[in-house]
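Fold and contact review
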Amino acid sequence: METPAAATFTLAYLVLAVCFVFPPSEFHLAGLTVQNLLGGWLGSEDAAFVQYHLRRGAGTLLAHAALPLGYYLGMCFAAPEKQLCTISQAPDPWKTFLAGALLLLALAGTFTYTWSQDGWAHHPLVKTLATFALPPHSGWRAVAASINAEFRRIDKFATGPPGARLIVTDSWILKVTTYSLHVAQQRDIQLTVVDARQQELLPDAGMPAQFLTIRVASANPHVKAFDIRLNSSEYGDLQEKLQAPIRNAAQVVIHQSLSDLFLETFSALVERNQPYPLPSNQELHLCIGCMQIQANVKLLKNCREPHEGECQPCFCYPMWCLLCMGKWFASQQDQQHPETWLSSHVPCPTCRAKFCVLDVCLVQ
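Residues numbered from 1 in each chain as written. Predicted model: local features only at pLDDT ≥ 70, side-chain atom pairs only at ≥ 80, totals over all residues. Heavy atoms only, no water.

So, on to the sheet that holds strand β3 (residues 172–176). Judged by pairing direction, the sheet is antiparallel, and its four strands sit side by side in the order β1-β2-β3-β4 without closing on themselves. Every interior strand has two partners, whereas the edge strands, β1 (157–159) and β4 (181–185), have only one. Between one strand axis and the next, the sheet turns by 10° as a mean value, whatever way the strands run. In this fold helix α5 (residues 49–65) packs onto β2 (166–168), β3 and β4, with an angle of close to 25° to the strand it touches most, β3. Against the sheet, helix α9 (residues 140–151) touches β2, β3 and β4, its axis set at about 85° to β3. (Pairing = 2+ DSSP bridges. Helix = DSSP H or I, 4+ residues; strand = E, 2+ residues; numbered from the N terminus. Axes fitted to C-alpha atoms, helices over the stretch in contact; angles between N-to-C directions. Contact = heavy atoms within 4.5 Å.)

This is how it looks when you write it as structure tokens:
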């Protein structure tokens, strides 16, 4: 059974290791990333984009492969009773763990050393770049120089966190991942929307979002297909930078504006509210907002007790459809602070009684 010191160290090291492999924004701000720690060796991304990512991928692989060995060395001091510093006296499971940690680091070191020989000529990315060379004898460095030059231009499209960035230049689509860099030439690609996921609230923005997954397939047989993921609000900017059209194989409705995203979330939240049973002697008419579909929502104060809070009772009979009510709700918001929309209160479009999202009920 582990001592409290060993258990505490294990938990702390596990948390730090996960954050080091998948760094949150706090780690980026504190500079606790491979890019920052190895900044002197990596050089400048703006000066030599391709060469920078060749070194970054190899350095990241080595750093991550060293984590198990780091844990073993830390346990030597956190649990001295296990005698881990003297390998011959260490328990057999720890000897196996140490052997595995050393083997993992040795494999990563072997790959890195092999790739770096002859000016990184054996790296998988370099072999891919060589297939784009025209004429073939010009070599991968000419292709890298072209990518480096276009990356330095200010009109490129770039999005995503540091470990999963998407960069689109005039001639290239580049996807940065933890250990590698995917490259495709615009003139050879076919782009297809394969999936769309709705996220009601972004953790850092407090507003809804739709994320699209787009498959990038190249006519070049040496270039493997890869997926890019981006916020649908950036879809229009991406299209402007692309030379090829994007096919929508998933037949999804792409929300390119914040209002579209809000209406989707507003409708989903209203459907969870308690429905309003329509009295038998009451008839529904066309929505007075669009005059296209039947009115189907009623405002009932459900968020708090009748005399509590900012919301007020509304005595209007159902006159609006869900879509028009959602548009009215969005139109009353502060457009500079979308993170407050779902929690705000707006006046009824007919009687001006204040209500919130929880007070909008579908007619049953």
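A word on the domain arrangement of the protein chain. Domains assigned within the protein chain are domain 1 (4–116), domain 2 (124–255) and domain 3 (259–362). Here the C-alpha centroids of domain 1 and domain 3 sit 53 Å apart. (Domains from an automatic or database assignment.)

Over the atoms rolls a probe the size of a water molecule, and its path tells where empty space is left. Across all of its chains, the model carries two cavities of 30 Å³ or more by this definition. Here the largest cavity defines a volume of roughly 70 Å³. In terms of lining residues, the largest cavity is bounded by Val297, Lys298, Leu299, Cys314, Cys316, Tyr317, Pro318, Met319, Trp320, Met325, Cys348 and Thr350. Top contributing element to the lining of the largest cavity by residue count: strand β9 (residues 297–299), with three residues. Quantified by volume, the second largest cavity comes out at close to 40 Å³. Forming the boundary of the second largest cavity are Leu299, Leu300, Lys301, Cys311, Gln312, Pro313, Cys314, Ala353, Lys354, Phe355 and Asp359. Its residues placed into classes, the lining of the second largest cavity shows seven nonpolar, one polar and three charged. (1 Å grid on protein atoms, 1.4 Å probe; cavity = no way out; pocket = protein on both sides within 12 Å on 5 of 7 lines; lining within 4 Å. Points joined across faces, edges and corners; volume = space filled by probe spheres on them. Nonpolar A, V, L, I, M, F, W, Y, C, P; charged D, E, K, R; others polar.)

To continue, consider the packing of helix α6 (residues 67–78) against helix α7 (residues 92–120). Close contact between α6 and α7 brings their axes to 8 Å; oriented N to C, the two are set at 140°. Compared by their axis directions, α6 and α7 come out oblique. Crossing hand, α6 versus α7: left-handed. Across the interface between the two elements, Pro68, Leu69, Tyr71, Tyr72 and Met75 of α6 pack against Trp94, Phe97, Leu98, Ala101, Leu102, Leu104 and Leu105 of α7. Here the residues of the contact of α6 with α7 sort into 12 nonpolar, no polar and no charged. (Parallel < 35°, antiparallel > 145°, perpendicular 65-115°, else oblique. Left-handed = near helix turned anticlockwise from the far one by under 90°.)

In this section: the pattern of salt bridges. It is possible for side chains bearing opposite charge to pair when their charged atoms get close. Summed over all chains, the structure comprises seven salt bridges. Glutamate 45 is paired through a salt bridge with arginine 165; the nearest N and O atoms lie 2.8 Å apart. With glutamate 45 in the loop between α4 (39–42) and α5 and arginine 165 in the loop between β1 and β2, this pair connects stretches of sequence that are 120 residues apart. For the pair shown, glutamate 45 and arginine 165 are each scored as buried. Ionic pairing is found between aspartate 170 and arginine 153, a salt bridge with its closest N-O pair at 2.8 Å. In this pair, aspartate 170 sits in the loop between β2 and β3 while arginine 153 sits in the loop between α9 and β1, placing the two residues 17 residues apart along the sequence. Given the relative accessible area of 29%, aspartate 170 is considered partly exposed. Linked by salt bridges that have partners in common, Arg153, Asp155, Asp170 and Lys241 make up one network. (Salt bridge = Lys/Arg side-chain N within 4 Å of Asp/Glu carboxyl O. Buried < 20%, exposed > 50% of the residue type's maximum accessible area, 1.4 Å probe, protein only.)

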